[in-house]
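Residues per chain are reported as follows:
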Amino acid sequence: MPKTKNPGALGFRTWSSIILIGLIGQIAWIVENMYFSRFMQNEITRAPYATTLMVAFSAIFATLATLIGGALCDRTGKRKPFMCWGYVIWGFTIMMFALVPMQPSADKVLPMVILVVAMDCVMSIIGSMSNDAAFNAWVTDMSNTANRARVDTVLAVLPLLAMGVVFVGFDGLTNADATTDDWKKFFMILGIIPTVGGIIGLFLVKDKKGIQPDKNNSFLSDFTYSLQPKVIKENKMLYICLAGNMVSAVAYQVYINYLFNILEGTLQIKNYIIPVGIIMVTAAVGSVIVSTAMDKHGKKNFYYPTIAAGVIGSVIMWSAKFFIDKNETAELAIVIIGGILLIGVSLVMAGLFTASYRDYIPEGKEGLFQGCRMAMYVLVPMVIGPVVAQVIINAANKGVPDSEIVYPMELFLGAAVIMLFAFIPAKIVRDNQPKLHDELMKKITEEQE
């Protein structure tokens, strides 16, 4: 009998494509998810309604775009054109932000909020079709149950690496002292990156062989496929996996849009590059180590400890408020410990729930099931999370003018409470997923013999 191949092995070209296209996509999303919020807060208005509107509408249009993109990917049997050409256009939508007038007068704040929200929606549409729909369908094609925890954790680490690239290289162009020209440079440089990445992808990426166009149903049917009650009933475990990630993502969205201004303004940490760097590197390395253990030993024993660590990390981060202007060393230590737990858990949760979700996707429906992922992993969290944040911020700033709003540390307590609800889907997935994992591993081994 010939020697059985490693069922989790991926080639150099595949890994290169995953990392390059994934990283460049996350650089663009870091700009959208964190720096557009900072841009709105620093250059347009600090009122939380503006950030809430931007995040919520972006999520709505991103979800619709993913539903359309996923349907097109499966109907055409192609991922590469949507990924690569999408990235090229995506970069230009980021560059357009360099044209936005900044520091508007009081009577022009609302029109500028509407303009920035609309531009963010356009950027999200292009990004979601190319990254959330096409790229994620391609990753599902190229991976299997023997390597998905590792692949999805690597993908979850890429936002941290992307944050490091943007943060270390370009954050100085966006802080409280940034000028209009600084912001213009920021958007131009960060827009060029996905455009160049898309061009490289045209030569690097290859679609999986054997994917056939599927036009058996109408486009409308494909568009709504993953949201149909019958499909949900037939694939309920898939949606429960997404529910676990959804809860974690809601908790994340409560604080992430205000994180930089919390560090710089609320905690008054002026030189926050070093602690953020420590957090990112440690969380990234730790999550990769944990994901390797998950692929080797199974995911069952990692659900509860991961969620508990997320809750503890949120509480630790909140406690930093008691050391502001009192003990900077203790404050930094608390931020680093809490940050490592918070960010590390967000990465490991992806390795747990997203990898399990991919295992449950029926063969040939990889693109169609990207829409429900966006609805539950992006749309719901990016609507609920910022709304919760707005309630907390407004409660902590009663009677305070918009220009003097301080983003409170209680945002992390809100995240901790929400994170507790992740134990419910975790219990269900933990009890059911190991059986599927064994079945898929057996199938892969048989196909390679």
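This text follows the structure it describes.
From a predicted model like this one, the values you see are computed outputs, not experimental measurements.

## Comments concerning the pattern of salt bridges
Then, in step 1: What the rule picks out here adds up to six salt bridges.
Then, in step 2: Residue Arg 79 is joined to Asp 74 by a salt bridge in which the shortest nitrogen-to-oxygen separation is 3.0 Å.
Then, in step 3: The class of Arg 79 is buried, set by a relative accessible area of 1%.
Then, in step 4: Asp 141 is paired through a salt bridge with Arg 79; the nearest N and O atoms lie 2.7 Å apart. Here Asp 141, found in helix α4 (residues 109-142), pairs with Arg 79, found in the loop between α2 (48-76) and α3 (80-95); they are 62 residues apart in sequence, far enough to count as distant. The pair Asp 141 / Arg 79 is uniform in exposure class, with both members buried.
Then, in step 5: Salt bridges sharing partners connect three or more residues here, namely Arg 38, Asp 171 and Glu 264.

## Topic: the environment of Ala 293
Then, in step 1: Locating Ala 293 in the fold gives a position in helix α11 (residues 273-297).
Then, in step 2: Each C-alpha atom, one on Ala 293 and one on Phe 57, is 38 Å from the other, the two residues being 236 residues apart in sequence.
Then, in step 3: With sequence-adjacent residues up to four places away left out, Ala 293 is seen in contact with Gly 298 and Phe 302.

## Focus: the packing of aromatic side chains
Then, in step 1: Under the defined criterion, the tally for this structure stands at 20 aromatic pairs.
Then, in step 2: Centre to centre, the rings of Trp 29 and Trp 90 are 4.9 Å apart; their planes meet at 65 degrees, and the pair counts as edge-to-face. Of the two residues, Trp 29 is situated in helix α1 (residues 12-44) and Trp 90 in helix α3; the sequence distance between them amounts to 61 residues.
Then, in step 3: Residue Trp 29 is classed as buried on the basis of its relative accessible area, which comes to 8%.
Then, in step 4: Overall, Trp 90 belongs to the buried group, its relative accessible area being 0%.
Then, in step 5: Taken together, a centroid distance of 5.2 Å and an interplanar angle of 90 degrees make the contact between Trp 318 and Phe 322 edge-to-face.

Conventions and cut-offs
Along each chain, residue indices are assigned from 1 in the same order as the chain's sequence is written. Two thresholds apply to this predicted model, a pLDDT of at least 70 for residue-level local features and 80 or more for giving and counting side-chain atom pairs, whereas whole-chain, interface and lining totals are computed over all residues. With hydrogens and water excluded, all non-hydrogen atoms of the structure serve as input to the side-chain values. The salt bridge definition used is simple: a Lys or Arg side-chain nitrogen within 4 Å of an Asp or Glu carboxyl oxygen. Each residue is placed in one exposure class: buried if its accessible area under a 1.4 Å probe, protein chains only, is under 20% of its type's maximum, exposed if it is over 50%, and partly exposed if it falls in between. Each helix corresponds to a stretch of at least 4 residues labelled H or I by DSSP, and each strand to a stretch of at least 2 residues labelled E; elements are numbered beginning at the N terminus. In this description, contact between two residues means that some pair of their heavy atoms is separated by no more than 4.5 Å. Any two rings among Phe, Tyr and Trp, with Trp reduced to its six-membered ring, count as a pair given centres within 6.5 Å; such a pair is stacked if its planes are under 30 degrees apart, edge-to-face if over 60, and tilted if neither.

Shape is all these values report; function is a separate question.
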